[in-house]
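# Secondary and tertiary structure notes
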Amino acid sequence: KPGAIILSAMAIPCPSIPTVSYAGKIYNTVQIGNQCWLKENLDVGIMIDSLQNQTDNSMIEKYCYHNDSNNCNTYGGLYQWDEAMQYSRAEGAQGICPSGWHIPTQAEFQTLITTVGEDANALKEIGQGTGTNTSGFSALLGGVFYNGNIRFKHLGQYANFWSSSSQQMQGTI
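Report on the accompanying structure. Just so it is clear, the structure is predicted and the values come from calculations on it, not from any experiment.

In this section: the layout of surface pockets. By volume, the largest pocket amounts to about 930 Å³. What lines the largest pocket is a set of 36 residues, and nearest its centre among them are Pro104, Phe109, Asn160, Phe161 and Trp162. Contributing elements (two or more residues each) for the lining of the largest pocket: strand E3 (35-38), helix H3 (106-115), strand E6 (142-146) and strand E8 (161-162). Broken down by element, the residue count for the lining of the largest pocket peaks at five residues, all from E6. In this model, the second largest pocket occupies a volume close to 150 Å³. Listing elements by their share of the lining of the second largest pocket, those giving two or more residues are strand E2 (25-32) and helix H1 (69-75). The element best represented in the lining of the second largest pocket is H1, accounting for four residues. Here the residues of the lining of the second largest pocket are counted per class, giving five nonpolar, five polar and four charged.

This is the structure:
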């Protein structure tokens, strides 16, 4: 596309923050344009059964695809917006993120998408759908959870990312 920034398939860690240790796991970082992102989906909190709602109870709760903790180990946890935000309504809230990090705003997601030339495949890990991972973002397609219907769908086909901007789901890739 005209004006698109061509990115290297080699992921460049964020300057002075190549990794983040959080909740017993190590997360790698990647710099895309002027932004710093975690490469792996967060997998924090206590797994609850999909028949339960995530609630404001001072505990981070997560769903694992098909109620299988191995799926959280591979793809990260699945969170309802309120839980991901830790019941804050503030744009850019820390939510379930490590200290010094926050749930991205809609504007930050738009910058990410623009930086990769509006090519969602550039954000997906190779082998995930039609992913090329030219950005180094390495998104895994961990599926979705439809709470109202209590069902998991689309493992290996889609990944949804929450924005902290007014319950906006941004970036179904």
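Turning to the pairing of E6, a few remarks are in order. Of all five residues that make up E6, four are buried, and the element is covered over most of its length. Relative to strand E7 (residues 151-155), E6 runs antiparallel, the two sharing four bridges. Its bridge partner lying in E7, Tyr146 is registered against Arg151.

A word on the environment of Ala11. Here Ala11 shows up in the segment before strand E1 (19-22). The class of Ala11 is partly exposed, set by a relative accessible area of 23%. Measuring from C-alpha to C-alpha, the distance between Ala11 and Asn133 comes to 9.0 Å, with 122 residues separating the pair along the chain. Filtering out sequence-adjacent residues up to four positions away, Ala11 remains in contact with Val30, Lys39 and Gly136.

The rules we used
Residues numbered from 1 in each chain as written. Predicted model: local features only at pLDDT ≥ 70, side-chain atom pairs only at ≥ 80, totals over all residues. Heavy atoms only, no water. 1 Å grid on protein atoms, 1.4 Å probe; cavity = no way out; pocket = protein on both sides within 12 Å on 5 of 7 lines; lining within 4 Å. Points joined across faces, edges and corners; volume = space filled by probe spheres on them. Helix = DSSP H or I, 4+ residues; strand = E, 2+ residues; numbered from the N terminus. Nonpolar A, V, L, I, M, F, W, Y, C, P; charged D, E, K, R; others polar. Buried < 20%, exposed > 50% of the residue type's maximum accessible area, 1.4 Å probe, protein only. Pairing = 2+ DSSP bridges. Contact = heavy atoms within 4.5 Å.

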